[in-house]
Each structure stands twice: as structure tokens, then as C-alpha cells.
Amino acid sequence: MDFFKLRENKTTVSKELNAGFTTFLTMIYIVPVNSIIMSKAGMPIDALITATTLITAIATIINGLWANTPMAMSVGMGLNAYFTFGLCLSMKVPWQTALGVVFLSGVIFVILSFTNFRVWVLKSIPADLCRAISGGIGVFIAFVGLQQMGIVIKNDTVLLGLGNVSDPHVLISLVGIFIIIGLWVRKINGAFVIGVLLTTLLCWIFGLAPLPTEFLSQPASINPIFLQLDIKSVFFDEKGLFTLALVPVIIVFFVTDLFDSIGTLSGVASRSGVDMQNSKEDVKKLEKTLEADALATVTGSLLGVSTTTTFVESSSGVEAGGRTGLTAIFCGIFFLCILFMLPLFKAIPANAIYPVLVVVGVLMFTELGSIDYKDPAISVATFFMVTLVPLTYSITNGLAFGFLAYLVVRIFRNEWDKINVGIVTLSIISFVVFVVH
């Protein structure tokens, strides 16, 4: 075990095993949640369950071996919702083409992961705008969850309205939200998965979902979605004409994955005692984690799932004592074990899944509390990012409007010293978003 430098990191195999199992428990919810979300795009749920489990295990184990950090990876919340509800359902993009978008964004991430681009991005974009992006995506996925549960419905008079809360399915979803929130505020490990299981049990007890007839089976084949990505249609329409319509979406997937990964790594790293300022070895580990993250996104698109990213639930394993890549490897192995639990995952009703989106949205929304609203450029950009992402059902539009608003306010205030090449570049891209929309 000298490869993982356990003694140097003041840990043991047993501690790493316990930490890996803890991380596994806190993020196992992603298998049914991602599968149900992406199945709305017309993809077979059985294949998605297997693919989600596989990419989680593969990406997490690769990170453990390559970067030697206790970070677990899986299909990112937020972008999977955008993949389904933003691209496939709203923009009418076939899921095969959407997978092509994910693949290309991953390739860009891979190429730039081996350059100093990450540093350039971090220095170019104010930290408060990164927090605004997180908050905007949080509101978006919470809105999707509330809509899918029937709590928020279409209203022809005022656009949106409150659903029929007396409906048993809607009511049980509300109960699920508060169960998860209650477990989370009590800081109980595995709050999400426990909440999903308890809500599922209530659905079974009250006859709102059928009981599973079996719990174990052979893993479903991923052939229906494996290597089904369509890259050509990303750039050419049905008539074979070249189009830039999806290029801004590729950039959004890439930038969001980059921000999400860097933000998660920064937070989890600080908890594990990693010195990002003075230790070149620690910084190298985090850079390798980003490289593993980028490769995982490309691999995931080939398997048939949306963008893969580093999971903030990795912090639970770190809190349990995990310090090296051995924690990630154990976590990945546990995920391989659940490949044979297809019937159980299929028996989990949507009523128990969508509350997770709402609570994850709440957690992402809390990032807005650290923003300096006294800065007009920041406050205006934050407002547009947070409101337009859900209102236009597009992360692309919200971020684009936010970057443009930031630049415009800076110009009107003659704050040229706070405008850099990165902000100008992103603003130009944002303008292109509206031109080719």
C-alpha cells in the first residue's frame, strides 16, 4: 500500500475502507436519480442504471489510481437535468446529439486539463460569479424537481401556479422533501439515500408504487445507449447545412463542469488538509483529479450518460478519515457490487427521486450567501444568472446574460481595471449565444 502513501497521510487501510463506504452511502442516490432524469429524454432506464453505475465506479477508481485523492465521481446533478429538460425536451435535440455535445465538451476539458487554462479561467472570472452560476443552476434543478413532482404546474393565466397538493403523489413528494431536509440538517450521513428509501417505503405502503417482485438480477445491457452519440448533428442540421447553434451549449457544458469540479475540489481539499497555496505536490494531485474528471466525461458520453464530475459528497468520506486514493477505489468497488440490483432501482418511484433535486438545489443556492452584493456589477450579473436560468429553462441563456450584464456595468462605471481578456472573451461568446439562438 506504499503506492497510496498511507503512513505519510496518517491513515490506514481500515480507515480508507470506512471512508470509501461512507462516500458510497452518501452518493448512491445518483444511480436511480440520474437514470430517471435521463430516461425522460427517451433513453431506456435499464441501460441508464447500468451505465450510471459503471461510469461512477470507473471514474472513481481511475481517480484513485491516477491522482491518489479521495474524490468520487459520477454524473453531475444540474447538467443531467439540463441535458434532458433543456436540450432534449425544450430545444428538441435528440439524445444522441446531446451525447455528442457532452463528448465534445469533455474533449475540450481533456485538452485544456493539460495546460494552464484552468489557472487562466480561475483568475479571469470573479469568484462571486462562480457562486452565482452555482446558485442559478441550483434554482434550475429545484424548479425541474418541483415541476416533475406536480408541485409547480402550468397555469394559462399567470404562466405558473401551485399544483394539487391534496393529490397523494404530490403530497408524498412534499413529505420526501422534508424527510431529506430533516436528515440533512441533523447532519446524518447518507441523508439523500435514506430519504429516498423512506419515501419509497411510504409509496409502497400506501399503494402509490408497485412493490418489486425481486431485488437482484443480471445487469442490464448498455448496448441501446453505448456509442450512440451523434457528433455530426452537433454542427450540421437535417439538410446538411453547417450551424453554430449548439456551439454555445458545448461551451456551457464545459465551463459548468470546470467550475463545478474546481469548486468541489477546493472545498473538499480544504477539509482534508490539502494545502493549495504552498504545496506543489498537493496542487499536482488536484490537477490530476481534474484530468481524471475530464477523461471521465468523455468516457461517460461513450457509455451513454451526461457530464461526469467530482462529487461534493466526497467530503463525507474525508470527514470519516479518508485521505488517499484508496478511499476512492473502495468507493468504486462498492458501486460495482450494486450492478446486480437493477430490480430494486427500477422499483424506486419518481416521487422519491425528484425531492433530491429540490434539496440539491437548496444546497447549491446557499452559495449565493457569500456574494458581495455591494458591487453593482456582481449583483446585477447574479440577478440575471439566478433568474434567467430557470425562467428561460436554459443554463446557456442565464450565464450568457449574466456575463454580458457584468461587462456592461463595468464599462458604464469606468472600471476598466476589473475587465480582463477572460471576461471579454466570455462576453463575446455570450453575445454569440443570442445571435445564433
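So, here's what we can say about the structure. (Residues numbered from 1 in each chain as written. Predicted model: local features only at pLDDT ≥ 70, side-chain atom pairs only at ≥ 80, totals over all residues. Heavy atoms only, no water.)

The secondary structure content of the protein chain amounts to 19 helices and four strands. In the protein chain, buried positions account for 55% of the 437 residues. Counted over contacts in the protein chain with a minimum sequence separation of 6, partners at least 24 positions apart contribute 80%. Surface summary for the protein chain: the accessible area is close to 18,800 Å², and the carbon and sulfur share equals 66%. (Helix = DSSP H or I, 4+ residues; strand = E, 2+ residues; numbered from the N terminus. Buried < 20%, exposed > 50% of the residue type's maximum accessible area, 1.4 Å probe, protein only. Contact = heavy atoms within 4.5 Å. Areas by Shrake-Rupley, 256 points an atom, 1.4 Å probe, with all protein chains shown as cover.)

Moving on to unusual backbone geometry. Backbone geometry places Lys187, a non-glycine residue, at a positive phi of 60 degrees. Structurally, Lys187 can be placed in the loop between α8 (168–185) and α9 (191–205). Within the chain, Asn414 stands out as a residue other than glycine whose phi angle is a positive 55 degrees. Summarising the element assignment, Asn414 is placed in the loop between α18 (395–412) and α19 (421–435).

On to the nonpolar core, then. Tyr29, Phe83, Leu129 and Phe253 are the most contacted members of the largest nonpolar core, which totals 107 residues. A domain-level breakdown of this core finds at least three residues from each of domain 1 (11–367) and domain 2 (372–436). Residues within four places of Phe253 in sequence aside, it is in contact with Leu79, Tyr82, Phe83, Leu87, Val101, Val102, Ser105, Ser306 and Thr307. Of all hydrophobic cores here, the second largest spans six residues; its members include Ile172, Ala209, Leu344 and Ala347. (Core = buried A, V, L, I, M, F, W, Y, C linked by side-chain atoms within 4.5 Å. Domains from an automatic or database assignment.)

Okay, the packing of helix α1 (residues 13–27) against helix α14 (residues 325–337) next. At a minimum axis separation of 7 Å, α1 and α14 run at an interaxial angle of 50 degrees. Our classification of the angle between α1 and α14 gives oblique. Considering how the two elements wind past one another, α1 and α14 form a crossing that is right-handed. Residues Val13, Glu16, Leu17, Ala19, Gly20, Phe21, Thr23, Phe24 and Met27 of α1 form the contact with α14, whose own contacting residues are Leu326, Thr327, Phe330, Cys331, Phe334 and Phe335. Split into classes, the residues belonging to the contact of α1 with α14 amount to 11 nonpolar, three polar and one charged. (Axes fitted to C-alpha atoms, helices over the stretch in contact; angles between N-to-C directions. Parallel < 35°, antiparallel > 145°, perpendicular 65-115°, else oblique. Left-handed = near helix turned anticlockwise from the far one by under 90°. Nonpolar A, V, L, I, M, F, W, Y, C, P; charged D, E, K, R; others polar.)

So, about a nonpolar patch on the surface. A cluster of nonpolar side chains, namely Leu198, Leu201, Ile205 and Phe206, defines an oily patch on the protein surface of about 420 Å² accessible area. If you trace the backbone, Ile205 turns up in helix α9. Relative accessible area serves as the criterion here: at 63%, Ile205 is assigned to the exposed category. (Patch = residues over 30% accessible without salt bridge, like charges linked within 9 Å, V, L, I, M, F, W, Y side chains within 5 Å. Salt bridge = Lys/Arg side-chain N within 4 Å of Asp/Glu carboxyl O.)

Turning next to the side chain of Thr327. Structurally, the position occupied by Thr327 is in helix α14. Taking the relative accessible area as the measure of exposure, Thr327 reaches 1% and is therefore buried. Of the polar contacts made by the side chain of Thr327, one reaches the side chain of Glu16; its length is 2.8 Å. If near-sequence neighbours (up to four positions away) are discounted, Thr327 is found in contact with Glu16, Ala19, Gly20, Thr23, Pro70 and Gly322. (Polar contact = N/O pair within 3.5 Å; in protein donor to acceptor, adjacent residues only side chain to side chain.)

Among the secondary structure elements, Thr324 is positioned in the loop between α13 (314–319) and α14. For Thr324, the contacting residues outside a window of four places in its chain are Phe4, Lys5, Leu6, Asn9, Thr11, Glu16, Asn68, Thr69 and Pro70.

What follows deals with helix α4 (residues 79–90). Here α4 contains 12 residues, and its C-alpha end-to-end distance of 14 Å is more than 12% below the 16 Å for a straight helix at 1.5 Å per residue. Taken across its 12 residues, α4 has 10 buried, putting it largely inside the fold. Listed as buried for α4 are Leu79, Asn80, Ala81, Tyr82, Phe83, Thr84, Phe85, Gly86, Leu87 and Cys88. Positive backbone phi, approximately 60 degrees, marks Lys92, located one or two places after α4. (Expected span 1.5 Å × (residues − 1).)

Turning to the pairing of strand β3 (residues 159–162), a few remarks are in order. Inspection of the sheet shows strand β2 (residues 152–155) paired to β3 by four bridges, in the antiparallel sense. Of the residues in β3, the one forming a bridge with Ile153 is Gly161. (Pairing = 2+ DSSP bridges.)

Evaluation of the coordinates by the stated rule reveals six aromatic pairs. Measuring from centroid to centroid gives 5.6 Å for Phe24 and Phe334, while their planes differ by 35 degrees, and the two rings are tilted. Taken together, the positions of Phe24 in helix α1 and Phe334 in helix α14 put the pair 310 residues apart, joining distant regions of the chain. Centre to centre, the rings of Phe24 and Phe335 are 5.0 Å apart; their planes meet at 80 degrees, and the pair counts as edge-to-face. (Phe/Tyr/Trp six-rings, centres within 6.5 Å; stacked < 30°, edge-to-face > 60°.)

In this section: the pattern of salt bridges. Scanning the model with the defined rule gives four salt bridges in all. One salt bridge in this structure joins Arg410 and Asp375, with 2.8 Å as the shortest N-O distance. Linking Arg410 in helix α18 with Asp375 in the loop between α16 (350–365) and α17 (376–391), this pair joins segments that are 35 residues apart in sequence. We classify Asp375 as buried; its relative accessible area is 13%.

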